[in-house]
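Given next are the chains, with one letter for each unit.
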Amino acid sequence: MADTPKPGSTPESELGSQHPESQRHDERALSGNLSNALVHENSTRRIASGNEAIDVLSRFVSAIEYTPLVAIQSIDRTGIVRFWNSMSTTIYGIPAREAIGRRLSDLLQHQDKEPEFADTIDHIWQTGQAVLPRDWQITTSAGANLWVYSTMFPVFREKKIHQIFCMDIDITLRKREEQALLALGANFRTLFDRSADAILLIEDNYFLEVNPAALTLFGYARKSDLVGRNSNDISPTTQPDGKPSSEKFSQMLELAHQNGNYRFDWLHVNASGETFWTEVLCTEIPIDSKALLYIVVRDIRERKHAEQSLQLAAQVFENSQEGILIADMNQRIVSINRALSDITGYTIDEVVGKEPQSLCVAMRDKAQFKTISDEVHAHDRWQGELWGRHCNGRGFPLWLSISVVRDSHRNVVNYIAIMTDISDRKASEEQMRHMAEHDFLTGLPNRVLLLDRLQQAIAVAERNAIKLALLFLDLDRFKHINDSFGHHVGDKLLQAIAERLTKCVRAIDTVSRLGGDEFVIMLVDVGRGEPISHIADNVLNAVSMPYSIDGNDFIITTCIGISTYPNDGTDMDTLIKNADTAMYHAKGNGTNRYQFFDDEMNRRVVERTLLENSLRSALKSSEFVLEYQPQMDMRTGQIVGVEALIRWAHPALGLMLPSRFIAVAEECGLIVPIGDWVMRTACLQAKAWQDNGHPLVVSVNLSVAQFHQKSLLKSIVDALQQAQLAPQFLELEITESILMDEAKGGIDTLRVLRNIGIRLAIDDFGTGFSSLSYLKRIPINKLKIDQSFVRDITVDPEDAVIINAIIVMAKSLNLTVIAEGVETQEQYRFLQAHGCDEYQGYYSSKALTADMFARQFLQPS
Ligand SMILES: Nc1nc2c(ncn2[C@@H]2O[C@@H]3COP(=O)(O)O[C@H]4[C@@H](O)[C@H](n5cnc6c(=O)[nH]c(N)nc65)O[C@@H]4COP(=O)(O)O[C@H]3[C@H]2O)c(=O)[nH]1
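The rules we used
- Residues numbered from 1 in each chain as written.
- Predicted model: local features only at pLDDT ≥ 70, side-chain atom pairs only at ≥ 80, totals over all residues.
- Heavy atoms only, no water.
- Helix = DSSP H or I, 4+ residues; strand = E, 2+ residues; numbered from the N terminus.
- Buried < 20%, exposed > 50% of the residue type's maximum accessible area, 1.4 Å probe, protein only.
- Contact = heavy atoms within 4.5 Å.
- Areas by Shrake-Rupley, 256 points an atom, 1.4 Å probe, with all protein chains shown as cover.
- Salt bridge = Lys/Arg side-chain N within 4 Å of Asp/Glu carboxyl O.
- Pairing = 2+ DSSP bridges.
- Expected span 1.5 Å × (residues − 1).
- Arc of directions from axis to C-beta.
- Phe/Tyr/Trp six-rings, centres within 6.5 Å; stacked < 30°, edge-to-face > 60°.
- Core = buried A, V, L, I, M, F, W, Y, C linked by side-chain atoms within 4.5 Å.
- Near = heavy atom within 4 Å.
- Polar contact = N/O pair within 3.5 Å; in protein donor to acceptor, adjacent residues only side chain to side chain.
- Nonpolar A, V, L, I, M, F, W, Y, C, P; charged D, E, K, R; others polar.
- Axes fitted to C-alpha atoms, helices over the stretch in contact; angles between N-to-C directions.
- Parallel < 35°, antiparallel > 145°, perpendicular 65-115°, else oblique.
- Left-handed = near helix turned anticlockwise from the far one by under 90°.
- pLDDT = per-residue confidence, 0-100.

1. Some words on the overall build of the chain
- When its secondary structure is counted, the chain shows 34 helices and 33 strands.
- Counting every position in the chain, which comprises 861 residues, the buried fraction comes to 50%.
- By sequence separation, contacts in the chain at least 24 residues apart represent 57% of the contacts at least 6 residues apart.
- In the form shown here, the chain has an accessible surface area of approximately 41,000 Å², with 51% of it arising from carbon and sulfur atoms.

Have a look at this one:
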């Protein structure tokens, strides 16, 4: 007797299209996945995330909601209905919105078995075990009277029973047919032979008779294959609960014996050894004073599979970490799971029957809701980020995936939404973003964020015709603080400066650190507030206030270069470059100052770039030449040496003096190959003059950058060897700054040079910081008094005193003293009178080409 779906229920064929054979295989595979997922919570989270989860749930929800024949309900511990599928509505005649939230006992009465039903439910709550399925006669609150075959099982949440699910199959029709047949006294034999259900007659545990349907079900050809055998022959050794089949089957027969009949699920095995689920109805019939039993066996593989899927789906639904909402075709909430309650703060009672948008603040925005709704209906799914609101008013970011479940006619039957609170993910994304855009040391915006804000600020300024300003700061002598006090003090100083800078500007402005000791301040809309110069003054004052860090007190200053939009540039790169250029000029003029960018600077920058480019090719093109200036003995008036001075015969700009290009060559590193060339050329020239009978010492200037080259010694020795000039005919002019760089091993290098026999002179003496103690430790031969002292020697008494002091000091250290820039007879006489040994200057001669020098000073005597 087949159960016939009630009118209005989903027809078998319709469902068939949702569960074709291939899809059943899929679902079996999925059941496996889900079983694993239930064991491992993390897997559940993974499966329940994104599209895969929504697909799984769509199918399961569809299965739960629209499964044919099976009415599914769930109740909580207080007996209140929490879930009510459409088949429940169909067979009990009570819509979900009326059932959910009410007590199950108010909806369905189990006639005179009410206490027994209550005990059964109670047993599940107590033991956590499912109970054996059985028949119940039910009267509904809607007045219907029916028989159902019921399975009940618990669903757990956090290891505690959370709800009990009941799955009922309507067997009213079959009951009525049975009763009708009995009432009619139908021929039992006919019934036996024609039944679509397998029927086996049992006497003393052995099969006495079997019908054709039983042979088909168990896969035997002849009656004799089964008659005389017992249930052990068509059962596996054990049932799925682990109990031996023989023992358990005897218990079932005993129950049938006690009750008159008994219905139970049983795992059978057919002739091919394949196991399959059956539903067995065992009835005692007294025939010829013998107590025979007949069992009706029905194949319930499909139903069992559906039950297992449903059970898993229910557990996935309940235990998912993601919030799940199911709405009906009218977009009314049918159910929400625990996670969704946790996320939104709403209980299921508060939302069932309402529209889903009541849960999500963003969906209340009509325009946004329409966009999402259109998308859902066009593509059957939508996912994106929205702003949710907890029932307590707290807003939070959420990720929402919506999917449509359709029947075989493409009609919408359900909407499923999976909601994830992404506050944590957002917070960590925000933290990552913050780290990527901020300087780790000071917490200020870094270059990335500065450029981003600058780009936006330029766009706004352009639209509104307003001005911007960029202040490029570079601290004065910060390296000195780092070197002297250590990096930890340097770091704290940068933090303190960052704090002060932030206080100098408005909240809408940006203070950023580009790295090292460079900061950039972006002032927006500068036309309206304080003049930029006032802000720059404030910054200078703030930075230059004393600091006290780790017991060290010091003062530091900064130089600022300022560029403005649109005057000094209309794009980011130009504005930053020009502010940098202006800062560079400010530095060139001293410390603790600011400098606005102007076009003249730009011109100089362009000129410098051109210069640098042509410098690179000048060596190859042999554009450098050396000129020579004599150094004279003051007592004898004889020439004792010569200084080699470089000139650049630029093809376009003419002859250029070193002041135009040496600094550029030093900055771009070209001074090293240029210095090599000077050394080699000067040595060759000195040797040539020596070979002509004029053994002069040639002086060559050595830059700081050259001095710190690892290959310095080698290139000097190579130059001497190449020219075959003895070392004592080469003098190197070094500046006082080299002496100060003791940490870099400068003095060691000087000692090596001196040991080779090369002479050493300190150039521009008096302008640096050399102290007596240094001079005593360094193996130099000569002090060269800077021409700035010589210039005013006869008019400025202070210069006269300094020169005198230098000469006295040099004498006490046994050093030769030479004065440079001697132009007049007065200067010459003063120096001579005060004991200066040698001089160099226009008074004797300007620097001359080698030929002219030889003609004027090296005539054969
Ligand atoms: N007003 C005035 N000036 C006088 C007088 N006598 C000499 N001078 C100038 O004073 C400078 C002396 O050179 P310096 O102090 O070594 O100063 C040099 C030196 O520091 C640097 N320099 C020159 N040649 C080289 C070189 O081959 N290598 C390096 N690294 N630097 C060089 O360029 C600086 C400038 O060189 P120059 O322009 O040739 O200028 C030379 C010279 O022409 C005088 O009586 N009055």
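2. Description of the pattern of salt bridges
- Scanning the model with the defined rule gives 45 salt bridges in all.
- The salt bridge partner of R229 is D233, with a shortest N-O separation of 3.6 Å.
- Judged by relative accessible area, R229 falls into the partly exposed class, the value being 30%.
- Across the pair E733 and K784 runs a salt bridge whose closest N-O atoms are separated by 2.6 Å. You can see E733 sitting in strand β28 (residues 730-734) and its partner K784 sitting in strand β30 (residues 782-785), a full 51 residues away along the chain.
- On the basis of relative accessible area, E733 is assigned to the buried category, the value being 2%.
- Among the charged side chains, a network of salt bridges with common partners joins E385, R425, K426 and E429.

3. Things to note about the pairing of strand β29 (residues 759-765)
- Judged by how many residues are buried, β29 sits mostly within the fold: five of seven residues are covered.
- With four bridges connecting them, β28 and β29 associate as parallel partners. Residue pairing in the sheet places E731 in a bridge with R759 of β29.

4. Remarks on helix α12 (residues 245-259)
- Compared with an ideal rise of 1.5 Å per residue, which puts 15 residues at 21 Å, α12 spans 21 Å between its outermost C-alpha atoms and is within 8% of the ideal.
- Within α12, the full set of buried residues consists of S245, K248, F249, M252, L253 and A256. Projected down its long axis, α12 shows its buried positions confined to an angular sector of 145°, all on one face.
- Count one or two residues on from α12 and you reach G260, which has phi positive near 95°.

5. Focus on the packing of aromatic side chains
- Under the definition given, this model contains 22 aromatic pairs.
- Judged by centre distance (5.3 Å) and plane angle (85°), the rings of F117 and W136 are edge-to-face. With a gap of 19 residues between them, F117 in helix α8 (residues 114-127) and W136 in strand β4 (residues 131-140) connect regions that are remote in the sequence. The exposure classification of F117 matches that of W136, with both residues buried.
- Their ring planes at 45° and their centres at 5.1 Å tell us that F485 and F554 sit as a pair that is tilted. Of the two residues, F485 is situated in helix α19 (residues 478-485) and F554 in strand β21 (residues 552-554); the sequence distance between them amounts to 69 residues.

6. Quick notes on the nonpolar core
- Within the largest apolar cluster, 81 residues are counted, with the highest numbers of intra-cluster contacts made by L730, L732 and L783.
- In terms of residue count, helix α25 (residues 671-691) provides more of this core than any other element does, 10 residues in total.
- Sequence-distant contacts of L783, defined by excluding residues within four places in its chain, comprise I762, F765, L775, I806, M809, A810, L815, T816, V817 and I818.
- Membership of the second largest hydrophobic core comes to 49 residues, among which are W84, W136, L359 and L398.

7. Describing the site of the ligand
- Among the 20 residues in the neighbourhood of the ligand, the closest are listed as Q629, E643, R647, N701 and E823.
- Between the ligand and the protein, one listed contact pairs an oxygen atom with a side-chain N or O atom of R647 at 2.9 Å.
- One nitrogen or oxygen atom from the side chain of E820 is found 3.2 Å from an oxygen atom belonging to the ligand.
- Coverage of the ligand by the protein amounts to 82% of the 790 Å² it exposes when considered alone.
- Listing elements by their share of the shell around the ligand, those giving two or more residues are β25 (639-650) and β29.
- Among the elements that take part in the shell around the ligand, β25 stands out by supplying four residues, more than any other.
- When its residues are assigned to classes, the shell around the ligand shows six nonpolar, seven polar and seven charged.

8. Overview of the sheet that holds strand β13 (residues 333-336)
- As summarised here, the arrangement of the five strands in space is β13-β12-β16-β15-β14, forming an open sheet in which the pairing is antiparallel. The open sheet terminates on both sides in strands that have one partner only, identified here as β13 and β14 (381-389). Pairs of neighbouring strands in the sheet enclose a mean axial angle of 25°, with direction left out of account.
- Both β14 and strand β15 (residues 395-406) contribute to a ladder of nine bridges, which runs antiparallel. By the bridge assignment, E385 is partnered in β15 with W399.
- On the sheet, helix α16 (residues 366-379) packs against β14, β15 and β16 (412-421) and is oriented at approximately 155° with respect to β14.
- Here helix α17 (residues 423-437) sits on the sheet in contact with β14, β15 and β16, set at roughly 125° to β15.

9. Re the packing of helix α20 (residues 487-504) against helix α21 (residues 532-544)
- It is at 9 Å that the axes of α20 and α21 come closest, and there the two elements cross at 150°. By the angle class used here, α20 and α21 are roughly antiparallel. α21 is crossed by α20, and the crossing has right-handed handedness. Every residue of α21 that contacts α20 at I497, R500, L501 and C504 is listed here: I535, N538, V539, A542 and V543.
- Here the contact of α20 with α21 is built from residues that sort into seven nonpolar, one polar and one charged.

10. Comments concerning the environment of P546
- Among the secondary structure elements, P546 is positioned in the loop between α21 and β20 (547-549).
- Looking at P546, the relative accessible area reads 54%, which means it is exposed.
- Distance from P546 to I556, taken between C-alpha atoms, is 7.5 Å for residues 10 residues apart in sequence.
- Sequence-distant contacts of P546, defined by excluding residues within four places in its chain, comprise R500, F554 and I555.

11. Comments concerning the confidence of the model for the chain
- Looking at the chain as a whole, the pLDDT averages 84, with 88% of positions reaching at least 70.
- Mean pLDDT in the chain bottoms out at helix α1 (residues 12-18), which sits at 28, and peaks at strand β27 (residues 697-701), which reaches 98.
- Within the model, pLDDT remains below 50 along residues 1-50, and this stretch shows 73 contacts once partners closer than five positions in the same chain are excluded.
- Interface predicted TM-score (ipTM) for the complex: 0.95; the corresponding pTM is 0.48.

12. What to know about α20
- Taking 1.5 Å of rise per residue, the 18 residues of α20 would be expected to cover 26 Å, and the 26 Å separating its terminal C-alpha atoms lies within 8% of that figure.
- Regarding α20, the residues found buried are V489, G490, L493, L494, I497, A498, L501 and C504.

13. Side note on unusual backbone geometry
- The omega torsion across Y565 and P566 is 5°, close enough to zero to call that bond cis.
- Secondary-structure assignment places P566 in the loop between β22 (558-565) and α22 (572-588).
- Notably, A465 is not glycine yet its phi reads approximately 50°, a positive angle.
- Locating A465 in the fold gives a position in the loop between α18 (447-464) and β17 (468-475).
- Backbone geometry at Q724 places phi at a positive 55°, although glycine is not the residue there.
- Looking at the secondary structure, you find Q724 in the loop between α27 (712-723) and β28.

14. A closer look at the environment of S358
- Along the chain, the position of S358 falls in the loop between α15 (348-351) and α16.
- Separated by 25 residues in sequence, S358 and I333 place their C-alpha atoms 9.9 Å apart.

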